[in-house]
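Geometric and topological summary
So the chains spell out like this:
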Amino acid sequence: MERLPSWIRQHVAAIRAVVVLTVLLGLIYPLVTTGVAQALFNGNANGSIIQAGGKDVGSSIIGQSFTDADGNPIGKYFQSRPSAAGDGYDPTSTSASNLGPEDVVDTLPVPGAKDEEGNPDEGKQSLLTQVCARSKAVGELEGVSGARPYCTPDGVGAVLKVFPDRAVSVNQACPATPFIADYQGKKVECGKPGEDYAAGRTVPVRGEAGTPAVPADAVTASGSGLDPHISVAYAELQAPRVAKARGMAVDQVKTLIDEHTTGRALGFMGEPAVNVLELNLALDGS
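The structure reproduced in this document is the subject of the present report. (Residues numbered from 1 in each chain as written. Predicted model: local features only at pLDDT ≥ 70, side-chain atom pairs only at ≥ 80, totals over all residues. Heavy atoms only, no water.)

**Some thoughts on the packing of helix α5 (residues 250–259) against helix α6 (residues 276–285)**
We apply this condition: Interaxial angles span 0 to 180 degrees and are taken between N-to-C directions of axes, which are lines fitted to C-alpha atoms, for helices over the stretch in contact. Helix and strand labels come from DSSP, where a helix needs a run of H or I of at least four residues and a strand needs a run of E of at least two; each type is numbered from the N terminus. Orientation labels follow simple angle bins: below 35 degrees gives roughly parallel, above 145 gives roughly antiparallel, 65 to 115 gives roughly perpendicular, and whatever is left gives oblique. Here is the rule for handedness: rotate from the far helix to the near one, and if that takes an anticlockwise turn smaller than a right angle the crossing is left-handed, while a clockwise turn gives right-handed. Whether two residues are in contact is decided by their heavy atoms: any pair within 4.5 Å suffices. Classification convention: Asp, Glu, Lys, Arg as charged; Ala, Val, Leu, Ile, Met, Phe, Trp, Tyr, Cys, Pro as nonpolar; all other residues, Gly among them, as polar.
As a packed pair, α5 and α6 sit with axes 10 Å apart at the nearest point and diverge in direction by 135°. By the angle class used here, α5 and α6 are oblique. The element α5 and its partner α6 pack so that their crossing is right-handed. Along its contact with α5, which presents V253, L256 and I257, the element α6 presents L279, A282 and L283. Per-class residue counts for the contact of α5 with α6 are six nonpolar, no polar and no charged.

**Topic: the state of the cysteines**
Put simply, the rule is: Two cysteine sulfurs form a disulfide in these notes if their separation is within 2.5 Å.
Enumeration over the complete set of coordinates arrives at two disulfides. A sulfur-sulfur distance of 2.0 Å marks the disulfide that ties C174 to C190. Handedness of the C174-C190 disulfide follows from its S-S torsion of about 100°: it is right-handed. Pair noted here: C174 is in the loop between β4 (167–173) and β5 (182–183) and C190 is in strand β6 (residues 186–191), with a separation of 16 residues, a long-range link.

**So, the packing of helix α4 (residues 232–246) against α5**
How two helices pack is summed up by the angle between their axes together with the distance between the axes. As a packed pair, α4 and α5 sit with axes 9 Å apart at the nearest point and diverge in direction by 135°. Comparing their axes, α5 and α4 come out oblique. By crossing handedness, the relation of α4 to α5 is classed as right-handed. Contacts from A235, E236, A239, P240 and A243 of α4 reach α5 at V250, V253, K254 and I257.

**Considerations on the pairing of strand β2 (residues 55–59)**
To keep it simple, the criterion reads: For two strands to be treated as a pair, DSSP must find at least two bridges joining them.
Alignment of strand β1 (residues 49–52) against β2, held across four bridges, turns out to be antiparallel. Among the inter-strand pairings, I49 is bridged to a residue of β2, identified as S59. A loop of two residues connects β1 with β2, the two strands running antiparallel in sequence, and G53 in this loop sits at a positive phi of about 65°.

**With respect to the pairing of strand β3 (residues 159–162)**
Counted only if it meets this: Throughout this description, buried means an accessible area under 20% of the type-specific maximum (1.4 Å probe, protein chains only), exposed means over 50%, and partly exposed covers the range between.
Of the two faces of β3, the one lined by V159 and K161 and the one lined by L160 and V162 are each fully buried. Where β3 and strand β7 (residues 201–204) come together, four bridges link them in antiparallel fashion. Within the sheet, the bridge partner assigned to L160 lies in β7 and is V203. Here β3 pairs with β4 via three bridges, running antiparallel. Directly across from K161, in β4, lies its bridge partner V168.

**Things to note about the layout of surface pockets**
Sizing a probe to match a water molecule and rolling it over the atoms shows the empty space that remains. In plain terms, the rule: Definitions used for this entry: grid spacing 1 Å over protein atoms alone; cavity, a set of points where a 1.4 Å probe fits but cannot get out; pocket, an open set with protein on both sides within 12 Å along at least 5 of 7 lines; lining residue, one with an atom within 4 Å of a point. Grid points are joined across faces, edges and corners, and a volume is the space filled by probe spheres set on the points.
There is about 500 Å³ of room inside the largest pocket. By residue number, the principal contributor to the lining of the largest pocket is helix α3 (residues 127–142), which donates four residues. Together, 18 residues line the second largest pocket, and A147, R148, C151, T152 and P153 are the ones closest to its centre.

**Some points on the sheet that holds strand β9 (residues 261–262)**
Spatial strand order, β8-β10-β9: three strands in an open sheet with antiparallel pairing. Of all strands in the sheet, those bounded by a partner on one side alone are β8 (229–231) and β9. Two strands pair when backbone bridges link them, and β9 and strand β10 (residues 273–275) are joined in this way by two bridges, in the antiparallel orientation. By the bridge assignment, T262 is partnered in β10 with A273. α6 contacts β8 and β10 of the sheet and is inclined by roughly 60° relative to β10.

**Observations regarding the side chain of S135**
The condition that has to hold: Polar contacts, as counted here, are pairs of nitrogen or oxygen atoms within 3.5 Å of one another; within protein the pair requires one atom able to donate a hydrogen and one able to accept it, and residues that are adjacent in sequence qualify only if both atoms are side-chain atoms.
Residue position: S135 is located in helix α3. A polar atom in the side chain of S135 sits 2.7 Å from the backbone oxygen of G146. Discounting chain neighbours no more than four positions away, the residues touching S135 are G146, R148, V214 and V219.

**What about the environment of S97?**
Here S97 shows up in the loop between β2 and α3. By relative accessible area, which is 36% here, S97 ends up partly exposed. Each C-alpha atom, one on S97 and one on A84, is 5.6 Å from the other, the two residues being 13 residues apart in sequence.

**A few points about the environment of Q238**
By the element assignment, Q238 lies in helix α4. Here Q238 falls in the buried class, since its relative accessible area comes to 0%. Along the backbone, Q238 and T33 are 205 residues apart, and their C-alpha atoms lie at a distance of 42 Å. Those residues in contact with Q238 that lie beyond four places of it in its chain are Y77, F78, Q79, E142 and I230.

What is shown is where atoms sit, not what they do.
This is the structure in structure tokens:
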């Protein structure tokens, strides 16, 4: 029998390779790895699901919110760190905010204006203002100062746009009173929504706030947006509020914090952390 032309042989060989690799890597390999995972690491492979009262209540590796229908923190529960994943802790939208330390100027909402979808214009908060607003809210919830460097008392970024003849507190929409009255001899004005201040020199103002009482993880989201843990410092900050809401002694709550604190990875990587869901379930069962 005559040999097939070389171009046909090449195509046949390519098809065989595709079939073999599809079976090997698309069927056999996934089935083997899934079988090993189910046999040896069943809980992890199925999402590290936690049950309470016979019901699935969450995952030990994915955070969740402990708020009411209006988004307000529930007083008897420890609060998780913020999340930038979708509407919060959405595994299908896991991500960071992609905002960096130089993101300090807000886009103020213009009254009466609408966005592209016809909804009222809400503007856009900079990363700095998000941190300031969260710190103020946590401070009020926990009964401590929410003041931070580069934040105004009303919870936005303390940032000026400086021009030759004036300065503008761009994150404080009029008629707000600017956080400082003047800057280097120039009167400071409140920000006017819709006005373009891009030509001004951006000047963040540190202020006199010392070491923040509110820990960093209470005001910043994790890289994945799914972190189920908070720092020991943030847990201890919340302990008095949770104890009061539950009629418990603060020492009892702190004991539960200790019991649900994990150490550094491999003994030296990272910091000790507290799993919020497991801690709240322990409180409900105490």
